[in-house]
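Chain and residue survey
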Number of protein chains: 2
Amino acid sequence: MEKSKKKFPVLEIFGPTVQGEGMVIGQKTMFVRTAGCDYSCSWCDSAFTWDGSAKDEIKRMTAEEIYEELITTGKDLFNHVTISGGNPALLKSLSELVDLLHNKGIKVALETQGSIWQDWFMEIDDLTLSPKPPSSGMKPNMGILDDIVHKLNDGSNDFSIKVVIFDLLDLSFAEDLHQRYPGVPFYLQVGNDQVNEEKDEQLIPDLISRYEWLIDQVMENNKLNQVRVLPQLHTYVWGNKRGV
Amino acid sequence: MEKSKKKFPVLEIFGPTVQGEGMVIGQKTMFVRTAGCDYSCSWCDSAFTWDGSAKDEIKRMTAEEIYEELITTGKDLFNHVTISGGNPALLKSLSELVDLLHNKGIKVALETQGSIWQDWFMEIDDLTLSPKPPSSGMKPNMGILDDIVHKLNDGSNDFSIKVVIFDLLDLSFAEDLHQRYPGVPFYLQVGNDQVNEEKDEQLIPDLISRYEWLIDQVMENNKLNQVRVLPQLHTYVWGNKRGV
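A quick note: this is a predicted structure, and the numbers were derived from the prediction, not measured.

Reading the values: rules and limits
Residues numbered from 1 in each chain as written. Chains lettered and ligands numbered in written order. Predicted model: local features only at pLDDT ≥ 70, side-chain atom pairs only at ≥ 80, totals over all residues. Heavy atoms only, no water. UniProt positions renumbered as here; feature names shortened; annotations may be inferred. Contact = heavy atoms within 4.5 Å. Helix = DSSP H or I, 4+ residues; strand = E, 2+ residues; numbered from the N terminus. Phe/Tyr/Trp six-rings, centres within 6.5 Å; stacked < 30°, edge-to-face > 60°. Buried < 20%, exposed > 50% of the residue type's maximum accessible area, 1.4 Å probe, protein only. Lys NZ or Arg CZ within 6 Å of the ring centre and 35° of its normal. Salt bridge = Lys/Arg side-chain N within 4 Å of Asp/Glu carboxyl O. Least-squares fit on C-alpha atoms with pLDDT ≥ 70 in both. Expected span 1.5 Å × (residues − 1). Axes fitted to C-alpha atoms, helices over the stretch in contact; angles between N-to-C directions. Parallel < 35°, antiparallel > 145°, perpendicular 65-115°, else oblique. Left-handed = near helix turned anticlockwise from the far one by under 90°. Nonpolar A, V, L, I, M, F, W, Y, C, P; charged D, E, K, R; others polar.

Let us now look at the UniProt feature "binding site: S-adenosyl-L-methionine" (unreviewed entry) in chain A. Residue and element names in this part refer to chain A. Annotation from UniProt places "binding site: S-adenosyl-L-methionine" (unreviewed entry) at W43, C44, D45, G86, S130, P131 and K132. In this structure S130 touches T112, Q113 and K162, once residues within four positions along its chain are discounted. Relative to the elements of secondary structure, P131 occurs in the loop between β6 (126-129) and α3 (142-154). Setting aside chain neighbours within four positions, we find P131 in contact with Q113, L145, I161, K162, V163, F173 and L177.

Here it is as structure tokens:
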């Protein structure tokens with residue numbers, strides 16, 4: 001493959017660590033976090049990717065440079081990379097990175113809210129769509145989401161929908177979504193409403209009790225029989241720390 | 001399907017709850033726990049299934065009776081059932097239960113150590129083989145395990161291998177197993193060495209720090225790049241309680 005000069009805004013490259021959420025929870029992976037988002041969720045746990053607070057940390061890197069930093073950081077200790085953001089779907093040419101990683105024998109996961117389609121979604125090994133529920137303050141465009149789910153359903157890639165739940169309104173949003181896309185693997189995730197809490201001894205018991213609340217809600221709801229209910233495992237181990 | 005008179009030894013039917021471990025972690029499911037095991041692992045968290053301590057609780061139930069109790073307990077709140085033990089693979093005719101559940105539109109997961117083959121394994125939707133590592137005091141028969149993995153690989157069902165890790169010897173056992181069956185989805189699970197601890201405020205931080213230890217070990221091991229590392233989520237929520 002010819003080297004491209006196209007540069008992508010990157011905020012963090014770290015790992016290997018475990019994926020703490022969703023469809024490949026527990027997977028050993030490296031993370032590439034891109035800067036920039038078309039959303040501004042009230043409870044975003046990576047607001048530094050779009051609120052300007054980390055703008056001096058953004059590096060503009062080619063796919064080759066990202067791969068080189070992955071190797072410098074992760075050595076021979078990985079063969080899975082998760083691209084997260086922000087919203088990496090803003091980057092039209094990101095297929096260059098996905099292709100390069102695939103050429104090196106590395107699997108690629110992607111996390112995006114499903115507000116923008118990119119053809120390279122079809123190349124992603126583990127694709128998570130996470131439409132944002134009412135508590136985020138955002139309002140998903142259901143037409144665009146329908147189109148994305150339709151295209152992915154026609155393809156053969158592994159994808160899932162993941163909804164973060166803070167309250168009963170969010171749960172009702174998730175219920176509708178699950179009925180709208182009945183065949184799609186569906187994950188509910190405990191919301192973290194204390195993304196700035198640094199004291200793990202306060203944070204973790206609270207997150208566990210929120211997980212128990214969410215389990216209770218789902219167990220008594222016969223419209224949510226097929227779902228998987230998960231916490232963010234990394235918060236149990238590392239609290240709200242970045243880069244782990 | 002004609003009703004069978006065949007009876008199975010059942011110790012617990014409970015749920016719906018979340019599957020706390022392995023390949024479908026977080027899945028909303030009912031549990032059917034059968035009595036009896038060909039192993040006696042030193043750290044077994046369900047030793048009551050084989051050590052005689054709960055022998056008066058064993059009910060002998062037909063597949064129909066098990067299904068009826070699932071409905072009485074779980075009402076219309078489930079469409080996934082996990083069969084665990086003990087070792088349910090001891091029960092040659094358990095296909096009667098699996099078929100009945102499938103006929104009702106219910107998916108079936110199974111957990112077994114991989115010491116005995118049954119043809120009905122091919123019907124299981126989510127099959128977990130959990131060969132026991134050295135710390136268990138057991139010694140897996142690798143010929144039997146090879147044969148089981150070979151048959152499942154030829155089938156089209158979703159199966160995975162899960163190894164519980166207490167120490168570095170267990171990790172080395174897991175490493176060998178992962179290399180022996182390179183294409184099989186591979187899960188490492190934190191061992192719980194305090195299955196009788198009732199104080200959650202002692203148990204949970206300790207289990208989380210054991211999870212972090214296991215993550216650290218796997219992250220620095222280039223023979224374990226493809227694995228998933230998970231805790232037993234239910235212990236974070238409910239400690240060592242039974243029936244949740």
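All right, on to the packing of aromatic side chains then. Per the counting criterion, the structure on display carries nine aromatic pairs over all chains. Ring centres of W117 of chain B and F121 of chain B lie 5.2 Å apart, and the angle between their planes is 70 degrees; on these two criteria the pair is classed as edge-to-face. Of the two residues, W117 of chain B and F121 of chain B, neither departs from the other in class, the shared state being buried. Positioned above the aromatic ring of F48 of chain A is the side chain of R242 of chain A, whose terminal nitrogen or guanidinium carbon lies 3.7 Å from the ring centre.

Residues and elements named next belong to chain A. Taken as a whole and judged by the stated rule, the model has 20 salt bridges over all chains. A salt bridge links E175 to K223, with the nearest nitrogen and oxygen atoms 3.5 Å apart. Taken together, the residues span a long stretch of sequence, with E175 in helix α4 (residues 168-180) and K223 in the loop between α5 (200-219) and β9 (228-230) at a distance of 48 residues. A single salt-bridge network, built from bridges that share partners, covers E12, R33, E57 and R242.

Note: a rotation about an axis with an accompanying shift along it relates these two copies of the chain. In the superposition of chain A on chain B (RMSD 0.0 Å, axial shift 0.0 Å), the rotation amounts to 180 degrees. The superposition operator between the copies reduces to a two-fold rotation axis. Here 100% of the interface residues in chain A have copies in chain B that are interface residues too; the copies meet face to matching face.

The sites that carry the UniProt feature "binding site: substrate" (unreviewed entry) are, in the present numbering, V18, Q19, G20, R33 and S84 of chain A. The topology assignment puts V18 of chain A in strand β1 (residues 8-18). Excluding anything up to four places from it in sequence, V18 of chain A contacts G26, Q27, T29, F31 and W238 of chain A together with Y211, I215, M219 and V229 of chain B. Within the secondary structure, G20 of chain A sits in the loop between β1 and β2 (28-34). On the basis of relative accessibility, which here comes to 2%, the residue G20 of chain A falls in the buried class. Not counting residues within four places of it along the chain, the set of residues in contact with G20 of chain A comprises I25, P231, Q232, L233 and H234 of chain A.

Further remarks concern helix α1 (residues 63-74) of chain A. Residues and elements named next belong to chain A. For α1, built from 12 residues, the straight-helix expectation of 16 Å at 1.5 Å per residue is met to within 8% by its first-to-last C-alpha distance of 16 Å. Close packing links the buried residues of α1 with β1, β2, β3 (59-61), β4 (80-84) and α2 (95-103). Just past α1, the residue K75 takes up positive phi, approximately 50 degrees.

Time to look at the packing of helix α1 (residues 63-74) of chain B against helix α2 (residues 95-103) of chain B. All names here are of chain B. Across the interface, α1 lies against α2 with an axial gap of 9 Å and an inter-helix angle of 45 degrees. One element, α1, and the other, α2, form an angle in the oblique class. Where α1 crosses over α2, the handedness of that crossing is right-handed. Taking contact as the criterion, the partners of A63, E64, I66, Y67 and L70 in α1 are, on α2, E96, L97, L100 and L101. Of the residues in the contact of α1 with α2, the class split is seven nonpolar, no polar and two charged.

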